[in-house]
Structure formats: structure tokens, C-alpha cells
Amino acid sequence: MALTQKDITALNARFRDAAPQEVISWAIDQAQKAVVTTNFRPYEVVILQAVTKVKQDIPVIWCDTGYNTPNTYRHAEELIRTLELNVDLYVPKQTSAHRDVVMGIPAIDDPRHAVFTEQVKLEPFNRAMESHKPDVWFTNLRKGQTALRDSLDILSLGKNGVLKVSPFYHWNDTELDAYLEEHNLPNEHTYFDPTKVLENRECGLHT
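These notes cover the structure that comes with them.

Definitions and cut-offs
- Residues numbered from 1 in each chain as written.
- Predicted model: local features only at pLDDT ≥ 70, side-chain atom pairs only at ≥ 80, totals over all residues.
- Heavy atoms only, no water.
- Helix = DSSP H or I, 4+ residues; strand = E, 2+ residues; numbered from the N terminus.
- Buried < 20%, exposed > 50% of the residue type's maximum accessible area, 1.4 Å probe, protein only.
- Contact = heavy atoms within 4.5 Å.
- Pairing = 2+ DSSP bridges.
- Axes fitted to C-alpha atoms, helices over the stretch in contact; angles between N-to-C directions.

1. A closer look at the environment of Ala27
Next, step 1: Its location among the elements puts Ala27 in helix H2 (residues 20-30).
Next, step 2: By relative accessible area, Ala27 is classed as buried at 0%.
Next, step 3: Separated by 109 residues in sequence, Ala27 and Val136 have C-alpha atoms that sit 7.2 Å apart.
Next, step 4: What Ala27 contacts, discounting residues up to four positions off in sequence, is Val136, Phe138 and Val165.

2. Here's the deal with helix H3 (residues 44-54)
Next, step 1: Counting buried positions along H3 gives 9 out of 11 residues, so the element sits mostly inside the fold.
Next, step 2: All buried positions along H3 are accounted for by Glu44, Val45, Val46, Ile47, Leu48, Gln49, Ala50, Val51 and Thr52.
Next, step 3: Structurally, H3 contributes buried residues whose contacts are with H2, strand E1 (34-38), strand E2 (59-63), helix H4 (70-82), strand E4 (136-138) and helix H8 (173-183).

3. Notes on the sheet that holds E2
In sheet architecture, strand pairing relies on hydrogen bonds along the backbone and comes in two forms, parallel and antiparallel.
Next, step 1: If you walk across this open sheet you meet the 6 strands as E3-E2-E1-E4-E6-E5, and the pairing is mixed. On the outer flanks of this sheet lie strand E3 (86-90) and strand E5 (155-157), each paired with one strand and no other. Recorded for the sheet is a direction-independent mean angle of 30° between the axes of neighbouring strands.
Next, step 2: Sheet topology note: the E4/strand E6 (residues 163-165) ladder contains 3 bridges and is parallel. The residue of E6 that forms the bridge with Phe138 is Val165.
Next, step 3: Contacts from H3 reach E1, E2 and E4 within the one sheet, and its direction differs from that of E1 by about 160°.
Next, step 4: Each of E1, E2, E3 and E4 touches helix H6 (residues 112-132); the most contacted strand, E2, lies at about 160° to it.

Functional significance is not addressed by these values, which are geometric in nature.
The following block contains the structure:
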């Protein structure tokens, strides 16, 4: 898919008030190989349910840092089962138990934090994208999450020209809660990202 920034700007204007299903259906029609990524954090069920409703067998890339809470793992298993997700799991090359001995979880001002982030998040993610080689990437980015994400939109160009599609970009938590209730979907807020520490800190996948 060869889209220019001018195309992206025009499409974002077109889809500004469109229903997420319209955006998803359009993107699926354009894609040669689409994927959706998840870490099963709060509200991830929304993008997973919406995308699989259009394309049930879409690959769901789960990059598990190895530091998720028991609640998150239980939530993930419930969604994999009830939504019949086609999950492809990617994990770090070193176990969290081993890393706890040699490094632990470095503070964000510790020089080792960049190495930690590379090991538990960026390397597994890059390995997944290299394996799948998607041209369309569905994600649940939303405006207001971080300064970087505020500069994006429903559609944006990621690394290597991959079209990043965020159908719920302009939705707030109240709107997502209503969506969850309408579709009888579970949510889980007990979530831990060891690479971010602060909720409004960028994780590194979208830079």
C-alpha cells in the first residue's frame, strides 16, 4: 500500500467522525497482510473485538514482557477463548526470573533502563513485525495518552511504511466504557508495564 502523507491527511479528515467498524473495514480491504497488536492492557478488548468482528482470523501479536500481573494473564486467557483470537505470542529471549537476578527492573533514570526496554519490549516486537511483515497494523492508540500519540491520528505511517490504524483514536474512557457495556465485554485495570513506570510515558513501540 503506497500512501503519501497527503493521502493520510485526507483520509483522517474523511474518517474523523466515522464509526470504528468503517475504518477497520476500509483498512482490511486495502491490506495485503494486516495484524493487530495487543498487550491486554485496559480497554484492549475493544480493538480486539472490533477488528476480529471484521476479520476473525487476523493474526493477533501478543508481546508479553513477562512481568504481567496475574489479573492480566487471566484476562488474556479469557479474551483468547471468548473472542477466539489467533494469537502469536512473542516473549523476551531471557526469562524475567533470570533478568531479576542480573538486572532487575532499572529505574527510568538508570542507564540500564534502555537495555531493559530493548530486551523485554522492543526486541520481541521487532521480531514479531519482521516475521509477519504487515502492511497494516491495528493498534489501540488514543489521543491524550502521551505527547507523541497526540501528534498522530486515526491513520499514521509507522516504520517501513506500515499503515498504523487506530480506529478508536478520538474516543475517551467514557465512550469506551459504553462500548464495553453495549457489547458485554470484560475489562481489566490491574496492569503493569515495567518499561513505562509513568502512565503518560511513551513505551517505545510507536517512535
